[in-house]
Amino acid sequence: MQDTEINVSEENSGSEPMIIAQNLVKIYKTRDIEVLALQGLDLTVERGELMAVIGNSGSGKSTFLNMLGGLDIPSAGKLFVDGRNLFEMTARQKEIYKRQTVGFVWQNNARNLFPYLSAIENVMTPMLLTKEKKRRERAEELLDIVGMSHRKNSRLGELSGGEQQRVAIAIALANNPKLLLADEPTGSVDKDTADRIFDIFRRLSNEMGVTVVIVTHDVRLSKKVNRVVAIRDGRISSERILREQYKDVFSADNISWGNEETQDEYVILDRAGRLQIPEKLLKKLELKDNKVTVGFEEGVLTIRNPKSAEEEKEQDIAE
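None of these values were measured; they are calculated from a predicted model.

## Thoughts on the overall build of the chain
What the chain contains, in helices and strands, is nine helices and 13 strands. Within the chain, the fraction of its 319 residues that count as buried is 46%. Expressed as a percentage of contacts within the chain between residues at least 6 apart in sequence, the contacts between residues at least 24 apart total 65%.

Here's what the structure looks like:
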């Protein structure tokens, strides 16, 4: 893959964060049931940031991704992307937003690719809706950046799953997005292809200023990004930040990205002063109900099993 310099997005026009979500709520209703998918999610993503969103099935991560892409409408709260209020957009404004601001990479390649077109024709297709004049030249540049120039005339059935995914990334970049959303982009590819896909995302972020948000279950991928946000029960429960010594060594052979602890983890305090304690720590408390005692001792916030705290008091009195 050549190291071609591509100007994917225009120079950022503002210094405000790319994404601002405040107390975001999403309720899905049917005739018989009501599901609370997001319940007070707060998140800020800076311009040019490369980050991942993780969480169990039903945690709300895909709902949040669809909201960022303009495919779903929040029920309450605030959501700004690139300085635009997604709550106040008309249908026409949202179409322009999806066409000009955001790009998608789906796990299911059928959502990205037309099987009867060649790779280069697939990349050129979104440009039919833009003012791009040199569509073929632009498509060739994008295929070069994802390492697929040599397969530009191949159709879907002639490409491997990893090759299809790289073409899908080129398609997502065809509209010069400022925000790239990727839903399980390495879910169906091998390790080497996953590494190559990550290198593409990292380059888009570092060299071209594209903000990249990835929803993933890929442990190796999530341990390489600068920030990982975990969603649990519709809220941000924790964040992991890449340690300084790992920020420039992604191709090092001596690092086991799936096993090594490359990030520091932080529990997130939400706007209402609530936090979600990691499940492994809750088990250690051996709680019999949902009550804990909270204290502040010598500059340290403590959370204890009420029974243990009571036993300590009794022991102090006895002494």
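## Some words on the confidence of the model for the chain
Averaged over every residue, the pLDDT of the chain is 84; residues scoring 70 or more account for 90%. Model confidence for the chain, summarised as mean pLDDT per element, is weakest for helix H9 (residues 306-318) at 60 and strongest for strand S8 (residues 211-215) at 95. Counting contacts from residues 1-13, a segment whose pLDDT is below 50, to residues more than four positions away or on other chains yields 33 contacts.

## Overview of the nonpolar core
Counting 47 residues, the largest nonpolar core has Val-123, Val-167, Ile-169, Leu-180, Phe-201 and Leu-204 as its most contacted members. Secondary structure elements with two or more residues in this core: strand S3 (50-54), helix H3 (119-124), helix H4 (135-145), helix H5 (161-172), strand S7 (179-183), helix H6 (191-208), S8 and strand S9 (227-232). No other element matches H6, which puts seven residues into this core. Setting aside anything within four residues of it in sequence, one finds Leu-180 in contact with Gly-103, Phe-104, Val-105, Ala-172, Leu-173, Phe-201, Leu-204, Val-210, Thr-211, Val-212 and Val-213. In terms of nonpolar packing, the next biggest core, distinct from the first, is built from 29 residues, Val-53, Leu-79, Val-81 and Ile-236 among them.

## A short note on the side chain of Ser-59
With respect to the element layout, Ser-59 can be found in the loop between S3 and helix H1 (61-68). At 2.8 Å, the side chain of Ser-59 forms a polar contact with the backbone oxygen of Asn-56. Apart from residues lying up to four places away in sequence, Ser-59 is in contact with Ala-37, Ile-231, Arg-232, Asp-233 and Gly-234.

## Considerations on the sheet that holds S7
Here seven strands make up an open sheet; going across it, the order is S6-S7-S8-S3-S9-S10-S11 and the pairing mixed. Each having just a single partner strand, strand S6 (102-105) and strand S11 (263-267) make up the two edges of the open sheet. Sheet twist, expressed as the average angle between the axes of neighbouring strands with direction ignored, equals 20°. For S9 and strand S10 (residues 235-242), the ladder comprises six bridges, and the chain directions are antiparallel. By the bridge assignment, Ala-230 is partnered in S10 with Ser-238. Lying on the sheet, H5 is in contact with S6 and S7; it crosses S6 at an angle near 170°.

## Let's talk about the pattern of salt bridges
Scanning the entire structure with this criterion turns up 23 salt bridges. Between Lys-26 and Asp-72 there is a salt bridge, with its nearest N and O atoms 3.2 Å apart. Of this pair, Lys-26 sits in strand S1 (residues 19-29) while Asp-72 sits in the loop between H1 and strand S4 (76-81); the two residues are 46 residues apart in sequence, bridging distant segments of the chain. Under the relative-accessibility criterion, Lys-26 is labelled buried at 9%. Across the pair Lys-191 and Asp-195 runs a salt bridge, and its minimum N-O distance is 3.5 Å.

The rules we used
Residues numbered from 1 in each chain as written. Predicted model: local features only at pLDDT ≥ 70, side-chain atom pairs only at ≥ 80, totals over all residues. Heavy atoms only, no water. Helix = DSSP H or I, 4+ residues; strand = E, 2+ residues; numbered from the N terminus. Buried < 20%, exposed > 50% of the residue type's maximum accessible area, 1.4 Å probe, protein only. Contact = heavy atoms within 4.5 Å. pLDDT = per-residue confidence, 0-100. Core = buried A, V, L, I, M, F, W, Y, C linked by side-chain atoms within 4.5 Å. Polar contact = N/O pair within 3.5 Å; in protein donor to acceptor, adjacent residues only side chain to side chain. Pairing = 2+ DSSP bridges. Axes fitted to C-alpha atoms, helices over the stretch in contact; angles between N-to-C directions. Salt bridge = Lys/Arg side-chain N within 4 Å of Asp/Glu carboxyl O.

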